[in-house]
Amino acid sequence: MNIQEYFARISYKDSHKVADLQTLTAIFQHHIQAIPFENLSMHCGETIELDLQCTYNKIVRKKRGGWCLESNHLLFWALQELGYDICILGGNSYDPAKKAYSTVTNHVLLKVVINGNSYIVDVGFGGPYQAWQPLMLVSGKDQPQIPGIFHFTEDNGTWYLEKVKRKHYIPEHSVPFSGTSEVGNIRKIYTFTLEPRHINDFQELNTYLQVSSDNILQKKSICSLQTTEGLYVLVGWTLTDMKYNYMEDTDLVQITTLTDEEVEKTLKDKFNIVLENKLVPINIRGLPPNLVDTI
């Protein structure tokens, strides 16, 4: 594994001599705009190994993406190589359908300490709730970013991450709509504690997500990538192109239904992904058709 090869993968060419917030933010943004959040392996008959060398080969050398366990693990390695004070944390994601947080830890995120200040660094959530910059770990403070306003709340050692949602303008609709019934337009994202974890703590989760039929990653083939203006999300045959703040407090959402042939072409053109094995797109009906309001 080579840090310069990782930098080439994310098209990062600036200085990395100082492990400061500016460098961290730049690497973060290059990472999320180059490496998709995706679970396509499990819909291509491939096994996802929670092993750093395997993850490196997949994402850096084969130019694939990955889910939180992979993408954040890769970034953890890269930031360690650069001398950052960093640790792995575990989170419990919010399920809008159940209106509850997961009862088991099902997400990996990172904490970085710079000059005594702690930041949450998470390049592995994907979709419209992916932050574009590290978030300062402070309770009760609004942190505006291009995707929206993020907010931490701490209660007795448990931290909660939320995001203020904007309205969505879909050209097929005559007026903008929020797409949610949640009071105050607040989207809960996940909870976590500051207990340091090791990547091997998530081996069981990695296996479970690939064999259990009762999770969204089994029910939907997902690929999402942040862009300079918003994001692309491909779920099954449904492509969503979102542009943030297209109008005041309103995001533009364009939804297209693709054929099987168009799915393969879209993965190459929009996400720079060429799969080695045949993808079997899936989007179990009865669930929302795209990720704008589901994860």
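Just so it is clear, the structure is predicted and the values come from calculations on it, not from any experiment.

### Some words on the overall build of the protein chain
The secondary structure content of the protein chain amounts to seven helices and 15 strands. Here the C-alpha coordinates of the protein chain stretch approximately 50 × 45 × 40 Å along the principal axes. When each of the 295 residues of the protein chain is scored for burial, the buried share is 53%. Contacts in the protein chain between residues far apart in sequence, at least 24 positions, make up 61% of those at least 6 positions apart. Accessible surface, the protein chain: about 13,600 Å² in total, of which carbon and sulfur atoms supply 49%.

### Regarding helix 2 (residues 21-34)
Helix length check: helix 2 (14 residues) gives 20 Å between terminal C-alpha atoms against 20 Å at 1.5 Å per residue, within 8%. Listed as buried for helix 2 are Thr-23, Leu-24, Thr-25, Ala-26, Ile-27, Phe-28, His-31, Ile-32 and Ala-34. Lining the buried residues of helix 2 we find helix 1 (3-9), helix 4 (68-81), strand 4 (107-114), strand 5 (117-121) and strand 12 (222-226).

### Some details on the pattern of salt bridges
Tallying each qualifying case throughout the model produces nine salt bridges. Across the salt bridge formed by Arg-61 and Glu-5, the nearest N and O atoms sit 3.3 Å from each other. Residue Arg-61 is found in helix 3 (residues 52-61), and its partner Glu-5 is found in helix 1; the two are separated by 56 residues along the sequence. Arg-61 gets classed as partly exposed once you look at its relative accessible area, which sits at 43%.

### Some words on a negative patch on the surface
A cluster of acidic side chains, namely Asp-260, Glu-261, Glu-262 and Glu-264, defines a negative patch on the protein surface. Relative to the helices and strands, Asp-260 is located in helix 7 (residues 260-271). Relative accessible area serves as the criterion here: at 41%, Asp-260 is assigned to the partly exposed category.

### Examining the side chain of Lys-163
Assignment of secondary structure puts Lys-163 in strand 9 (residues 158-164). With no salt bridge to any partner, buried Lys-163 finds its closest opposite charge in Asp-251, at an N-O distance of 5.6 Å. A polar contact is formed between the side chain of Lys-163 and the backbone oxygen of Pro-128, at a distance of 2.6 Å. Ignoring anything within four residues of it in the chain, the contact list for Lys-163 reads Pro-128, Tyr-129, Pro-147, Gly-148, Ile-149, Phe-150, Asn-185, Ile-186, Arg-187, Ile-189 and Tyr-244.

### A short note on the packing of aromatic side chains
Taken as a whole and assessed by the stated rule, the structure comprises 14 aromatic pairs. With a centroid separation of 6.4 Å and an interplanar angle of 15 degrees, the aromatic rings of Trp-159 and Phe-192 are classed as stacked. Taken together, the residues span a long stretch of sequence, with Trp-159 in strand 9 and Phe-192 in strand 11 (residues 186-192) at a distance of 33 residues. Each of the two residues, Trp-159 as well as Phe-192, counts as buried. Of the aromatic side chains, those joined through ring pairs into one cluster are Tyr-6, Phe-7, Tyr-12, Tyr-56 and Trp-77. Positioned above the aromatic ring of Tyr-129, the side-chain terminus of Arg-187 is 4.5 Å from the ring centre.

### Re the pairing of strand 15 (residues 250-257)
Relative to strand 15, strand 10 (residues 167-169) runs parallel, the two being bridged by three bridges. Looking across to strand 15, one finds that Lys-167 is bridged to Thr-250. The loop that links strand 14 (residues 238-247) with its antiparallel partner strand 15 comprises two residues; one of these, Asp-249, has a positive phi angle of about 55 degrees.

### Quick word on the packing of helix 3 against helix 4
As a packed pair, helix 3 and helix 4 sit with axes 10 Å apart at the nearest point and diverge in direction by 100 degrees. If you check the angle between helix 3 and helix 4, you find them roughly perpendicular. Here Leu-52, Thr-55, Tyr-56, Lys-58, Ile-59 and Val-60 of helix 3 lie close against helix 4, whose contacting residues are Glu-70, Ser-71, His-73, Leu-74 and Trp-77. Class assignment for the residues of the contact of helix 3 with helix 4 results in six nonpolar, three polar and two charged.

### Here we look at the packing of helix 2 against helix 4
Geometry of a packed helix pair, given as the angle between the helix axes and the separation of the axes. Between helix 2 and helix 4, the least distance of the axes is 12 Å, while the angle of their chain directions is 145 degrees. Considering the relative orientation of helix 2 and helix 4, their crossing is right-handed. Of helix 4, the residues touching helix 2 (which contributes Leu-24, Ile-27 and His-31) are Ser-71, Leu-74, Leu-75 and Leu-79.

### Considering unusual backbone geometry
Its identity is not glycine, yet Ser-11 carries a phi of approximately 60 degrees, on the positive side. As for its placement among the helices and strands, Ser-11 is situated in the loop between helix 1 and helix 2. On the accessibility criterion, Ser-11 (47% relative accessible area) is partly exposed. One non-glycine residue with positive phi stands out, namely Lys-99, at about 50 degrees. Position of Lys-99 relative to the elements: it lies in the loop between strand 2 (85-95) and strand 3 (100-101). Relative accessible area serves as the criterion here: at 63%, Lys-99 is assigned to the exposed category.

Criteria and cut-off values
- Residues numbered from 1 in each chain as written.
- Predicted model: local features only at pLDDT ≥ 70, side-chain atom pairs only at ≥ 80, totals over all residues.
- Heavy atoms only, no water.
- Helix = DSSP H or I, 4+ residues; strand = E, 2+ residues; numbered from the N terminus.
- Buried < 20%, exposed > 50% of the residue type's maximum accessible area, 1.4 Å probe, protein only.
- Contact = heavy atoms within 4.5 Å.
- Areas by Shrake-Rupley, 256 points an atom, 1.4 Å probe, with all protein chains shown as cover.
- Expected span 1.5 Å × (residues − 1).
- Salt bridge = Lys/Arg side-chain N within 4 Å of Asp/Glu carboxyl O.
- Patch = residues over 30% accessible without salt bridge, like charges linked within 9 Å, V, L, I, M, F, W, Y side chains within 5 Å.
- Lys, Arg positive; Asp, Glu negative; His and termini not counted.
- Charge placed at Lys NZ, Arg CZ, Asp CG, Glu CD.
- Polar contact = N/O pair within 3.5 Å; in protein donor to acceptor, adjacent residues only side chain to side chain.
- Phe/Tyr/Trp six-rings, centres within 6.5 Å; stacked < 30°, edge-to-face > 60°.
- Lys NZ or Arg CZ within 6 Å of the ring centre and 35° of its normal.
- Pairing = 2+ DSSP bridges.
- Axes fitted to C-alpha atoms, helices over the stretch in contact; angles between N-to-C directions.
- Parallel < 35°, antiparallel > 145°, perpendicular 65-115°, else oblique.
- Nonpolar A, V, L, I, M, F, W, Y, C, P; charged D, E, K, R; others polar.
- Left-handed = near helix turned anticlockwise from the far one by under 90°.

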